[in-house]
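Read off the chains here:
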Amino acid sequence: CEQITEAVSFINLEQLNPSTYKGCINLKQVAFNLSQELEHRDVPENVCYGCTRLQSIDLQNVTSLGNKSFENCASLTQVNIPNTVTEVGSEVFYDCFRLGKVVIPESYSSGGSWIESILNSINRNNWVDPVFTKVITTSGRVVKWQLTTI
């Protein structure tokens, strides 16, 4: 899997195994381009765990993000959560210490436990500079933010 730099999953994600791209250190982008007609549109747990060079994820039509699905994706700086996502597992972005912006649909701006889950999952190690992570709506309104210092 070290040769994979880009991956597109057009299949029913119920069939995509957890840890499918785990440890693919050269994977830079992954797209889960799912049809709205699929009953299950879930990103399984650990699917991109340890993809340290992952810079871009496309979550089009995804309905849920599994536990630790993007843990230790250290190069990820921004995530766009589509309005189809209704459930977010624990530690989804754990150790994504460069994740500075999470964009959510305007309709989700009233908050929700999964917004807290996203922010709480971003772990900062002692050697990382202070990072400002904000959750904003598609119109640019800041909903939630946190400053993590060392």
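Remember, it's a predicted structure, so these values are computed and weren't measured experimentally. (Residues numbered from 1 in each chain as written. Predicted model: local features only at pLDDT ≥ 70, side-chain atom pairs only at ≥ 80, totals over all residues. Heavy atoms only, no water.)

Engineer: Would you take a moment to explain unusual backbone geometry for this structure?
Structural biologist: As a rule of thumb, non-glycine residues mostly have phi less than zero, and peptide bonds are mostly trans rather than cis. At Asn61, a residue that is not glycine, the phi angle is positive and equals roughly 70 degrees. Position of Asn61 among the secondary structure elements: in the loop between strand 4 (56-58) and strand 5 (64-65). Residue class for Asn61 comes out buried when judged on its relative accessible area of 12%. Look at Asp95: it is not a glycine, yet its phi comes out positive at around 65 degrees. (Helix = DSSP H or I, 4+ residues; strand = E, 2+ residues; numbered from the N terminus. Buried < 20%, exposed > 50% of the residue type's maximum accessible area, 1.4 Å probe, protein only.)

Engineer: Looking at this model, I keep getting lost on the nonpolar core. Mind explaining?
Structural biologist: Soluble globular proteins: nonpolar side chains tend toward being buried together. Residues Cys48, Leu59, Leu65, Phe70 and Phe93 are the most contacted members of the largest nonpolar core, which totals 32 residues. For this core, the secondary-structure elements that each account for two or more residues are strand 8 (101-104) and helix 1 (113-121). (Core = buried A, V, L, I, M, F, W, Y, C linked by side-chain atoms within 4.5 Å.)

Engineer: Before we go on, may I ask you to explain the side chain of Arg41 in this structure?
Structural biologist: Within the secondary structure, Arg41 is located in the loop between strand 2 (29-31) and strand 3 (42-43). The buried charged residue Arg41 lacks any salt bridge partner; its closest oppositely charged side chain belongs to Asp42, at an N-O distance of 7.2 Å. Polar contacts involving the side chain of Arg41 include one to the main-chain carbonyl oxygen of Asn61, which spans 3.1 Å. (Lys, Arg positive; Asp, Glu negative; His and termini not counted. Salt bridge = Lys/Arg side-chain N within 4 Å of Asp/Glu carboxyl O. Polar contact = N/O pair within 3.5 Å; in protein donor to acceptor, adjacent residues only side chain to side chain.)

Engineer: What exactly am I supposed to notice about the packing of aromatic side chains here?
Structural biologist: Ring pairs (aromatic) are described by centroid distance and by the angle formed between their planes. Applying the stated criterion to the full structure yields two aromatic pairs. Pairing Phe70 with Phe93 gives two aromatic rings, centres 5.9 Å apart and planes at 10 degrees, and the pair type is stacked. Here the residue Phe70 occupies a position in the loop between strand 5 and strand 6 (78-80), and Phe93 occupies one in the loop between strand 7 (87-88) and strand 8, the gap between them amounting to 23 residues. Residue classification places Phe93 among the buried residues on the basis of a relative accessible area of 0%. (Phe/Tyr/Trp six-rings, centres within 6.5 Å; stacked < 30°, edge-to-face > 60°.)

Engineer: I keep staring at the pattern of salt bridges and nothing clicks. Help me out?
Structural biologist: Any two side chains of opposite charge can pair, on the condition that their charged atoms come close. Going through the model one piece at a time under the given rule, you end up with two salt bridges. Across the pair Glu71 and Lys68 runs a salt bridge, and its minimum N-O distance is 4.0 Å. Judged by its relative accessible area of 30%, Lys68 is partly exposed. A salt bridge links Glu91 to Lys68, with the nearest nitrogen and oxygen atoms 3.4 Å apart. Note that Glu91 is positioned in the loop between strand 7 and strand 8 and Lys68 in the loop between strand 5 and strand 6, a separation of 23 residues in sequence. Among the ionic contacts, a cluster of salt bridges with common partners joins Lys68, Glu71 and Glu91.

Remember that the coordinates give geometry; whether it matters functionally is a separate question.
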